[in-house]
Amino acid sequence: MSGHLLIDGYNVINSWKDFESLRKENLEHCRDILVQKVAEYAAFKGFKAQVVFDAMNVSGNAAIEQVAGIDVIYTGEDETADSWIERRAHELGKEKAKFFVVTSDYAEQLNVLGSGGHRISAREFREDYLKAKKDISEKLQVPKRGLNRNEIGGRVGSDVMAILEKMRRNKN
């Protein structure tokens, strides 16, 4: 899978039970954890990801920073993450780009679909993230054969091992 992945950051943080107790104590830490999860997911799936956080009640200009290969956007004063995402979805739709938006906001989902994108609810994203984590873990499994030993079986394929075994048996 490839394309663009736009994520309504606070919508996900407020939807996932993983963040329930932490968001009351340290919202900044929740943002950092979410960004790391999205970066890992996007790298594995091949997405160009953007996580958008509201700055609706904060004065100042919008800010964009690169974190672990993804864009983290803090909207400007009086701008919601929804409006930023909807504007970006419209741009991507005009470019005929493939894009997905992660939000559980129904109105925003309709807007995304109208722009030609795909919607993913926060719950669906969590499930797909956990599946991706499992797939990553499985790909990183080191074969037990030859682990921490200098055995030829840990370095050659089974076809070569069969030929060597046949040669060994014919020698005796």
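Computed from a predicted model, the values in this text were never measured in an experiment. (Residues numbered from 1 in each chain as written. Predicted model: local features only at pLDDT ≥ 70, side-chain atom pairs only at ≥ 80, totals over all residues. Heavy atoms only, no water.)

Caption draft 1: Quick look at the nonpolar core. Of all hydrophobic cores here, the largest spans 27 residues; its most connected members are Leu5, Ile7, Leu34, Val38, Phe53, Ile70 and Phe125. Listed by contribution, the elements that provide at least two residues to this core are strand E1 (3–8), helix H1 (9–15), helix H3 (27–45), strand E2 (47–53), strand E4 (70–74), strand E5 (99–102) and helix H6 (122–139). Broken down by element, the residue count for this core peaks at seven residues, all from H3. Look past the residues within four positions of Val38 in its chain and what remains in contact with it is Ile7, Ala49, Val51, Ile70 and Phe125. (Core = buried A, V, L, I, M, F, W, Y, C linked by side-chain atoms within 4.5 Å. Buried < 20%, exposed > 50% of the residue type's maximum accessible area, 1.4 Å probe, protein only. Helix = DSSP H or I, 4+ residues; strand = E, 2+ residues; numbered from the N terminus. Contact = heavy atoms within 4.5 Å.)

Caption draft 2: The pattern of salt bridges, seen in detail. Scanning all chains against the criterion turns up eleven salt bridges. The partner of Glu124 in a salt bridge is Arg119, with the nearest N and O atoms 2.7 Å apart. In this structure Glu124 comes out as partly exposed when scored by relative accessible area, which is 28%. By relative accessible area, Arg119 is classed as partly exposed at 33%. Each of Glu165, Arg168 and Arg169 takes part in a single network of salt bridges with overlapping partners. (Salt bridge = Lys/Arg side-chain N within 4 Å of Asp/Glu carboxyl O.)

Caption draft 3: Structural view of the side chain of Thr75. For Thr75, the position within the fold is in the loop between E4 and helix H4 (81–94). Classification of Thr75 as buried rests on a relative accessible area of 1%. Polar contacts involving the side chain of Thr75 include one to the main-chain carbonyl oxygen of Glu79, which spans 2.7 Å. (Polar contact = N/O pair within 3.5 Å; in protein donor to acceptor, adjacent residues only side chain to side chain.)

Caption draft 4: Examining the environment of Gln66 more closely. Structurally, Gln66 can be placed in strand E3 (residues 63–67). In sequence terms Gln66 and Gln50 are 16 residues apart; their C-alpha atoms lie 9.4 Å from each other. For Gln66, the side chain forms a polar contact with the side chain of Asp71, separated by 2.3 Å.

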